[in-house]
Amino acid sequence: MKSYEEIIKGIEDAQLRQDKLDFNVGDTVKVSAQIKEGEKTRTQVFEGTVIKVQGHGARQTFTVRKNSNGVGVEKTWPVNSPLVEKVTVVRRGKARRAKLFYLRDRVGKRAKVKEVIK
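Residues numbered from 1 in each chain as written. Predicted model: local features only at pLDDT ≥ 70, side-chain atom pairs only at ≥ 80, totals over all residues. Heavy atoms only, no water.

K.L.:
Give a description of the overall build of the protein chain that names residues and reports values.
P.N.:
Check the secondary structure of the protein chain and you find one helix and five strands. The linear arrangement of helices and strands in the protein chain, starting from the amino end, is α-β-β-β-β-β. A sequence separation of at least 24 residues applies to 51% of the contacts in the protein chain between residues at least 6 apart. Summed over all atoms, the accessible surface of the protein chain reaches about 8800 Å², with 49% contributed by carbon and sulfur. With 27 positive and 14 negative side-chain charges, the protein chain shows a separation of 9 Å between the mean positions of the two kinds. (Helix = DSSP H or I, 4+ residues; strand = E, 2+ residues; numbered from the N terminus. Contact = heavy atoms within 4.5 Å. Areas by Shrake-Rupley, 256 points an atom, 1.4 Å probe, with all protein chains shown as cover. Lys, Arg positive; Asp, Glu negative; His and termini not counted. Charge placed at Lys NZ, Arg CZ, Asp CG, Glu CD.)

K.L.:
Outline the nonpolar core, listing residues and values.
P.N.:
Core analysis: the biggest nonpolar cluster contains 13 residues, and Phe-23, Val-29, Val-31, Phe-62, Val-64, Trp-77 and Val-87 have the highest contact counts within it. Elements with a minimum of two residues in this core: β1 (28–37), β2 (40–54), β3 (61–68) and β5 (84–91). Broken down by element, the residue count for this core peaks at three residues, all from β1. Leaving out residues up to four positions away in the same chain, Trp-77 has contacts with Val-31, Ala-33, Phe-46, Gln-60, Thr-61, Phe-62, Val-64 and Val-84. Residues Val-25, Ile-51, Leu-100 and Val-113 belong to the second largest nonpolar core, which totals five residues. (Core = buried A, V, L, I, M, F, W, Y, C linked by side-chain atoms within 4.5 Å. Buried < 20%, exposed > 50% of the residue type's maximum accessible area, 1.4 Å probe, protein only.)

K.L.:
Explain the side chain of Asn-80 to me, and be specific about the residues and the numbers.
P.N.:
You can see Asn-80 is positioned in the loop between β4 (71–78) and β5. The exposure class of Asn-80 is buried, given its relative accessible area of 16%. Reaching out from Asn-80, the side chain makes a polar contact with the backbone nitrogen of Arg-17 at a distance of 2.9 Å. Here Asn-80 is in contact with Gln-15, Leu-16, Arg-17, Gly-57 and Ala-58, once residues within four sequence places are set aside. (Polar contact = N/O pair within 3.5 Å; in protein donor to acceptor, adjacent residues only side chain to side chain.)

K.L.:
Give a description of the packing of aromatic side chains that names residues and reports values.
P.N.:
Throughout the structure, instances matching the rule amount to three aromatic pairs. With a centroid separation of 5.5 Å and an interplanar angle of 70°, the aromatic rings of Phe-46 and Trp-77 are classed as edge-to-face. With a gap of 31 residues between them, Phe-46 in strand β2 and Trp-77 in strand β4 connect regions that are remote in the sequence. Accessibility classification places Phe-46 together with Trp-77 in one group, the buried group. (Phe/Tyr/Trp six-rings, centres within 6.5 Å; stacked < 30°, edge-to-face > 60°.)

K.L.:
Let's hear about the layout of surface pockets: which residues, and what values?
P.N.:
What the largest pocket holds in volume is close to 290 Å³. Taken together, 14 residues line the largest pocket, and the ones lying closest to its centre are Thr-49, Arg-65, Asn-67, Ala-111 and Lys-112. At the level of elements, β2 and β3 are the ones that each hand at least two residues to the lining of the largest pocket. When residues in the lining of the largest pocket are grouped by element, the largest group, three residues, is from β3. (1 Å grid on protein atoms, 1.4 Å probe; cavity = no way out; pocket = protein on both sides within 12 Å on 5 of 7 lines; lining within 4 Å. Points joined across faces, edges and corners; volume = space filled by probe spheres on them.)

K.L.:
Give me the lowdown on the environment of Gly-70, citing residues and values where you can.
P.N.:
Its place among the elements puts Gly-70 in the loop between β3 and β4. The class of Gly-70 is exposed, set by a relative accessible area of 73%. Each C-alpha atom, one on Gly-70 and one on Phe-101, is 17 Å from the other, the two residues being 31 residues apart in sequence.

In structure tokens form, the structure reads like this:
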């Protein structure tokens, strides 16, 4: 008889994304997500800096932050969500830490992450 952990792991493995999203903390990304308005669905693009990636497996999430009209906006998505169509990396950022919460207190040029040049 299977244990509960094995059963849950089997269910979560079936829900994992087939295409691997390739981005890291500090990268500037465009997230194309489906938005449902009434009975219509459309794709909305959210562009900003990845400030946090947490969890693993089916429960992994990432948070993207941008400034919109002087107001900081953060959105969190599950990596394996079917509502997230694609994540496009605009530019790679150099981050020396795992969570970039210090960007919340900064404005203008100071709120940018250095770009990795390869």
